[in-house]
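Report on the structure
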Amino acid sequence: MKVSSKKIEKALLDKALGYETKEVIEEYGLSGDEFVLQKRKTSTKTYPPDLSALQILLDRKEETDLFNLTDEQLEEEKIKLLNLLKETK
């Protein structure tokens, strides 16, 4: 089973923001020679936002932003990070 990266992104986004699903439970019973629907129960499940999924999304966004930077922007980022390291020492 192949899963595309877009499906993974959507699933991660749903998990990070929270989502609802509908669930249908059907019970069948034997009536003569046939199975007949006896009960149908429909419910809605609510899943709250997940902070771990949100953190993954934020980390991935930062990574992709770095891939889109020009050489000059990367050099500026490098200098900024080196200065931050010097300040923390």
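Further up the page is the structure itself.
For the structure given in this document, a descriptive report is provided here.

Cut-offs used in this document
- Residues numbered from 1 in each chain as written.
- Predicted model: local features only at pLDDT ≥ 70, side-chain atom pairs only at ≥ 80, totals over all residues.
- Heavy atoms only, no water.
- Buried < 20%, exposed > 50% of the residue type's maximum accessible area, 1.4 Å probe, protein only.
- Helix = DSSP H or I, 4+ residues; strand = E, 2+ residues; numbered from the N terminus.
- Pairing = 2+ DSSP bridges.
- Patch = residues over 30% accessible without salt bridge, like charges linked within 9 Å, V, L, I, M, F, W, Y side chains within 5 Å.
- Areas by Shrake-Rupley, 256 points an atom, 1.4 Å probe, with all protein chains shown as cover.
- Salt bridge = Lys/Arg side-chain N within 4 Å of Asp/Glu carboxyl O.
- Phe/Tyr/Trp six-rings, centres within 6.5 Å; stacked < 30°, edge-to-face > 60°.

With zero of its 14 residues buried, strand β2 (residues 34–47) lies for the most part at the surface. Both strand β1 (residues 19–31) and β2 contribute to a ladder of 13 bridges, which runs antiparallel. When the sheet's bridge partners are listed, L30 is paired in β2 with F35. Hairpin connection of β1 to β2: two residues between the antiparallel strands, including G32 at a positive phi of 70°.

Nonpolar side chains collect at one region of the surface, where Y28, L30, F35 and L37 lie side by side and expose about 460 Å² of accessible area between them. Residue assignment for the nonpolar patch shows that the elements contributing at least two residues are β1 and β2. Mapping Y28 onto the fold places it in strand β1. The exposure class of Y28 is partly exposed, given its relative accessible area of 47%.

Within the structure shown, the criterion is met by two salt bridges. Residue D14 is joined to K10 by a salt bridge in which the shortest nitrogen-to-oxygen separation is 3.0 Å. In this pair, D14 and K10 both sit in helix α1 (residues 5–17), four residues apart, roughly one turn of the helix. A salt bridge links R40 to E26; its shortest N-O distance comes to 2.8 Å. With R40 in strand β2 and E26 in strand β1, the pair connects residues that are 14 residues apart, well separated along the chain.

Our next topic: the packing of aromatic side chains. Summed over the entire model, instances satisfying the criterion amount to one aromatic pair. With 4.8 Å between their ring centres and 20° between their planes, Y19 and Y47 make a pair best called stacked. In this pair, Y19 sits in strand β1 while Y47 sits in strand β2, placing the two residues 28 residues apart along the sequence.

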